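Understanding the architecture of this molecule
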Amino acid sequence: MTAKIIDGKAIAEQMRLELKDEIAILRDKGIVPGLGVILVGEDPASVSYVSSKEKACRDIGIFSDDNRLPADTSEQELLALVDRMNKDPKIHGILVQLPLPKHIDENKVLLAISPEKDVDGFHPINVGKMVVGEDAFLPCTPHGVIQLLLRSKVKISGAHVVVVGRSNIVGKPVANMLVQKKDTGNATVTICHTRTQDISYFTKQADILIAAAGKPNMITADMVKDGVVVIDVGVNRVDDPTAKKGYRLVGDVDFDAVKEKASLITPVPGGVGPMTITMLLYNTVRSAVIHSVL
Ligand code: NAP
């Protein structure tokens, strides 16, 4: 069997078109979804992420309030800006790009964002609501994974999903969403991590395998069963002297070998990656709708 590729770029594009239509309707009613973006310092990867997010906002009609602060910004100054955005009715979502410089307490800043504007879904209030199954802003990458499965018509209910990785950003939330008693959940979920003994014992049982370990090509063909659906969240740089930049990006899954056994598989790049920003846009639009009826 050779797997069908789940085209994350195309699915993300489709979702952005749907959001664009929704935003046009909101704008006709005088509601312009707004995202407050804060970047402290000039870390090149963060500058690139933030610029992509800002461009994605502009492309679909979200107003983005872009704030570039110098690396020596004090914690107090940053908290004051977050507070200003919390109170600004034009801003429906607040994004503080991580990591922050070492002299700033990241946790303190994330806690200062109003849970009603926490479009990254990292505030403990939103995490708690997600866990108990209440409506909440869902974290973007795990929510993007669920959307890829749903839009590829993968049956989640009753499936055994094995998640490799237990971070607060990907592994734990995606496992939580999949286990919820909801149409988008009802899976049986196993979470693996570095203390799991014999990971392949579990991965071989997976109907759906979600790899989020950050280890290049750690999931090999002998670790999966025929017909598995594979979602590769990993993004890893590996040296490649033939590439212009001297490196290329690979996932956590040995794509070429595993695609010969899987029924569906996401590539890296072009799988989960494009969904993350899309789900941030989605949360911002949801927030604008919620705020408009408050
Ligand atoms: P992280 O915080 O480093 O967590 C990695 C998790 O994987 C940890 O729970 C770790 O276990 C587990 N792990 C690492 N090596 C393992 C191994 N050999 N066997 C079993 N488990 C192992 O990383 P993250 O933030 O979740 O990100 C994971 C990957 O996804 C990274 O490559 C990251 O770049 C990528 N990512 C992509 C997107 C996107 O938009 N596409 C977004 C976020 C992250 P322990 O807990 O035991 O240490």
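Residues numbered from 1 in each chain as written. Predicted model: local features only at pLDDT ≥ 70, side-chain atom pairs only at ≥ 80, totals over all residues. Heavy atoms only, no water.

Here strand β4 (residues 93-96) shows two buried faces, one formed by Gly 93 and Leu 95 and the other by Ile 94 and Val 96. Pairing analysis gives 4 bridges linking strand β2 (residues 34-40) to β4, with the strands arranged parallel. Directly across from Ile 38, in β4, lies its bridge partner Val 96. (Buried < 20%, exposed > 50% of the residue type's maximum accessible area, 1.4 Å probe, protein only. Helix = DSSP H or I, 4+ residues; strand = E, 2+ residues; numbered from the N terminus. Pairing = 2+ DSSP bridges.)

The subject of this paragraph is the packing of helix α6 (residues 140-151) against helix α10 (residues 273-292). Packed helices, taken two at a time, are described by the angle their axes make and the gap between the axes. Their axes nearest at 8 Å, the elements α6 and α10 cross at an angle of 100°. Viewed along their axes, α6 and α10 adopt a mutual orientation that is roughly perpendicular. Facing α6, whose interface residues are Cys 140, Thr 141, His 143, Gly 144, Gln 147 and Leu 148, α10 presents Met 275, Thr 276, Met 279, Leu 280, Tyr 282 and Asn 283. Among the residues forming the contact of α6 with α10, the class breakdown is 6 nonpolar, 6 polar and no charged. (Axes fitted to C-alpha atoms, helices over the stretch in contact; angles between N-to-C directions. Parallel < 35°, antiparallel > 145°, perpendicular 65-115°, else oblique. Contact = heavy atoms within 4.5 Å. Nonpolar A, V, L, I, M, F, W, Y, C, P; charged D, E, K, R; others polar.)

Summed over the entire model, instances satisfying the criterion amount to 1 aromatic pair. Centroid distance Tyr 201 to Phe 202: 5.0 Å. Interplanar angle 85°. Geometry classified as edge-to-face. Relative accessible area serves as the criterion here: at 24%, Phe 202 is assigned to the partly exposed category. Positioned above the aromatic ring of Tyr 247, the side-chain terminus of Arg 237 is 4.0 Å from the ring centre. One residue, Arg 286, lies across the ring of Tyr 282, its end atom 4.9 Å from the ring centre. (Phe/Tyr/Trp six-rings, centres within 6.5 Å; stacked < 30°, edge-to-face > 60°. Lys NZ or Arg CZ within 6 Å of the ring centre and 35° of its normal.)

As a further point, take the side chain of Asn 283. Along the chain, the position of Asn 283 falls in helix α10. Owing to a relative accessible area of 3%, Asn 283 belongs among the buried residues under this scheme.

So, on to the sheet that holds β2. Here 3 strands make up an open sheet; going across it, the order is β3-β2-β4 and the pairing parallel. Two strands bound the open sheet, and with one partner strand each, they are β3 (63-69) and β4. In this sheet, neighbouring strand axes are inclined to one another by 15° on average, regardless of whether the strands run parallel or antiparallel. As defined by bridge partners, β2 adjoins β3 across 7 bridges and the pair is classed as parallel. Note on β3: the bridge partner recorded for Gly 36 is Asp 65. Set on the sheet, helix α2 (residues 44-60) makes contact with β2, β3 and β4; between it and β3 the angle comes to about 160°.

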